[in-house]
Amino acid sequence: MTDIDVKVRFKGYVPEKLPSGEVRHRVRVEGNPKRRIRIPVGPEHPTFSEHYYAARAGSTVDAPPAPPPVARYSADELIQDYLAWIESQVLAKLMSPLTLKQRKSLLTRAMDVTDDQGDRIGSLHVDLPPEAFVLIRDSWAGRTAQADNTLKGLSAAYKWGIERRRVSVNPVAGVRKVHISKGGATPWSADDLKAFLQAHGKGTTARRWLFLAMFTAGRISDTVKHGRKHEVTRDGRLWLDWQPQKRGSAFVSIPIAPQLLEELRAPTVEGATYLLSQHGRPYRTPESLRRMIQAWTAQAGLTGRSQHGVRKAMGELLAEAGCTQHQIMSVMAHTKPATSAIYTENADRRRMAALAMDGIRHVVF
C-alpha cells in the first residue's frame with residue numbers, strides 16, 4: 001500500500017508539498033471547510049489519528065514535539081513504520097485499537113533495550129541476529145507472558161517487513177518462548193457465586209454485571225457496550241445480538257434468560273448501556289469496568305476472580321449439561337471447534353469415567 005493510498009482514507013486531510021520538498025500537513029475543520037488547522041505529523045506517524053480528529057473538531061492536541069527521524073535501515077525504522085501501518089488498519093477498522101496499544105508499548109520498550117556494548121537495539125541495523133531478541137526476551141526477567149507477547153509482536157513486524165522487501169529473513173522465528181501457562185483465569189465456583197450475590201443485592205450494578213456476564217458468557221470488551229440497542233424480538237422472544245469486539249469472533253445471537261431480563265429491567269435509571277457507573281454514565285473502557293469488578297469481588301471476600309473466570313465457568317457448565325461443541329461455539333462466539341473442545345472433552349471424559357466405574361461396581365474380588 002502506498003502513502004497516497006493511506007492518505008485518501010482521511011476526509012479533509014490536505015497535504016501540501018513545499019518548494020523545499022517538505023510536506024505541510026493541514027486538516028479542514030468539519031462543518032467549516034474554509035478553516036484549516038495545521039498538524040505536525042502525517043498519516044505515517046503513530047500519533048496522526050489523535051491530531052487528525054482533534055483538527056476535524058476544530059482544536060489542536062497539546063503534545064510534545066515529534067521525535068527526530070530515526071536512522072534509515074534501523075530496527076527503529078522498521079518498528080515505527082510497522083506501528084504506523086497498524087494504526088492505518090485500526091482507522092480502517094481492520095485491526096483492534098487494543099492490538100495497537102499493546103504492540104506500541106511492548107515494541108517501543110524492546111527497541112530501548114541495550115546490548116553489551118551499550119547500544120540501543122533500535123539504533124542498530126534492522127538485520128539483527130537472533131541473540132538480540134534473546135536479550136530483549138530476557139530483559140523481561142520473570143514477566144514471561146510479556147516476554148512472549150513482545151516476541152510475537154517483533155515476529156509480526158519482521159513478517160510485515162518481509163512482505164514489503166524491507167528485510168529478507170525473520171530472525172525472531174527461532175527464539176524460544178518462555179511463558180508456561182498456569183491455566184489462565186480461575187473459573188467461578190458455586191460458592192463464589194453465592195458469596196457475590198449475598199454481598200450485592202437485587203438492583204445493584206454489581207449483581208446486574210454478574211448476571212450479564214453469566215447469561216451471555218461474553219467477554220468484558222462486549223459487556224461494557226451491551227445495551228437495549230442489542231435487543232431483538234423474534235417470535236415473541238427477546239434476544240441479544242452483537243458482534244464481539246475481539247477480531248475473528250463469530251456473531252452472537254442468544255435468547256435473554258428470564259433471570260437476566262429481570263436484572264436488566266431492575267434499574268430506575270437507564271442509559272445507553274446496561275451497566276452504568278456511580279455517576280450514571282456508561283463505563284468508558286473495559287479497563288474501567290474491570291477495576292470495578294475487582295472492587296465488587298473484594299467486597300464479597302473473593303480474590304483472583306474476573307469476568308473471564310465467569311466465562312470459563314459457563315463454558316464448563318454448558319459442557320456438563322451435555323451441550324455439543326457447536327452449541328457452545330454459538331454461545332461463546334468461538335469460530336473453531338477446537339476452542340470449545342477444551343470444555344466438552346473434559347466433560348465427556350468425566351461422563352465416560354462415571355460409566356466405566358458404574359460398569360464394574362458389582363465386580364467382587
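Residues numbered from 1 in each chain as written. Predicted model: local features only at pLDDT ≥ 70, side-chain atom pairs only at ≥ 80, totals over all residues. Heavy atoms only, no water.

1. Quick word on the overall build of the chain
Inference 1: When helices and strands are tallied, the chain shows 14 helices and 6 strands.
Inference 2: Contacts in the chain between residues far apart in sequence, at least 24 positions, make up 54% of those at least 6 positions apart.
Inference 3: Put simply, the chain shows about 21,500 Å² of open surface, and 54% of that area lies on carbon and sulfur atoms. (Helix = DSSP H or I, 4+ residues; strand = E, 2+ residues; numbered from the N terminus. Contact = heavy atoms within 4.5 Å. Areas by Shrake-Rupley, 256 points an atom, 1.4 Å probe, with all protein chains shown as cover.)

2. Here we look at the pairing of strand S4 (residues 231-234)
Inference 1: As paired strands, S4 and strand S5 (residues 237-242) are joined by 4 bridges and run antiparallel to one another. Bridging from a neighbouring strand, Arg234 pairs with Arg237 of S5. (Pairing = 2+ DSSP bridges.)

3. Comments concerning a positive patch on the surface
Inference 1: On the surface, Lys152, Lys159, Lys177 and Lys246 cluster together into a patch of positive charge.
Inference 2: Position of Lys177 among the secondary structure elements: in the loop between helix H6 (144-163) and helix H7 (190-199). (Patch = residues over 30% accessible without salt bridge, like charges linked within 9 Å, V, L, I, M, F, W, Y side chains within 5 Å. Salt bridge = Lys/Arg side-chain N within 4 Å of Asp/Glu carboxyl O. Lys, Arg positive; Asp, Glu negative; His and termini not counted. Charge placed at Lys NZ, Arg CZ, Asp CG, Glu CD.)

4. A word on the packing of aromatic side chains
Inference 1: In total, this model carries 14 aromatic pairs according to the counting rule given.
Inference 2: Measuring from centroid to centroid gives 6.2 Å for Tyr82 and Trp85, while their planes differ by 20°, and the two rings are stacked. Of this pair, Tyr82 and Trp85 both sit in helix H3 (residues 75-91), 3 residues apart, which is roughly one turn of that helix.
Inference 3: A relative accessible area of 2% means that Tyr82 is categorised as buried.
Inference 4: Judged by centre distance (5.6 Å) and plane angle (65°), the rings of Trp188 and Phe196 are edge-to-face. (Phe/Tyr/Trp six-rings, centres within 6.5 Å; stacked < 30°, edge-to-face > 60°. Buried < 20%, exposed > 50% of the residue type's maximum accessible area, 1.4 Å probe, protein only.)

5. Some points on the sheet that holds strand S6 (residues 252-255)
Inference 1: The strand order across the open sheet built from 3 strands is S4-S5-S6, with neighbouring strands paired in antiparallel fashion. Where the open sheet ends on each side, the last strands, each with one partner, are S4 and S6. Between one strand and the next, the sheet's axes are offset by a mean angle of 35°, whatever the strand orientation.
Inference 2: The pairing of S5 with S6 spans 4 bridges and is antiparallel. Along S6, the bridge assignment pairs Trp242 with Val252. (Axes fitted to C-alpha atoms, helices over the stretch in contact; angles between N-to-C directions.)

6. Section: the packing of H3 against H6
Inference 1: Running from N to C, H3 and H6 cross one another at 90°; their axes reach a closest spacing of 10 Å. One way to sum up the angle between H3 and H6 is to call them roughly perpendicular. Seen from H3, the contacting residues are Leu78, Ile79, Asp81, Tyr82 and Trp85; seen from H6, they are Gly153, Leu154, Ala156, Ala157, Tyr158, Trp160 and Gly161.
Inference 2: Tallied by class, residues from the contact of H3 with H6 come to 9 nonpolar, 2 polar and 1 charged. (Parallel < 35°, antiparallel > 145°, perpendicular 65-115°, else oblique. Nonpolar A, V, L, I, M, F, W, Y, C, P; charged D, E, K, R; others polar.)

7. Focus: the pattern of salt bridges
Inference 1: Counted by the stated rule, this structure contains 16 salt bridges.
Inference 2: Residue Asp76 is joined to Arg120 by a salt bridge in which the shortest nitrogen-to-oxygen separation is 2.9 Å. One end of the pair, Asp76, is in helix H3; the other, Arg120, is in the loop between helix H4 (97-111) and helix H5 (130-138), and 44 residues separate them in sequence.
Inference 3: For Arg120, a relative accessible area of 29% corresponds to the partly exposed category.

These results come straight from atomic positions and should not be treated as a statement about function.
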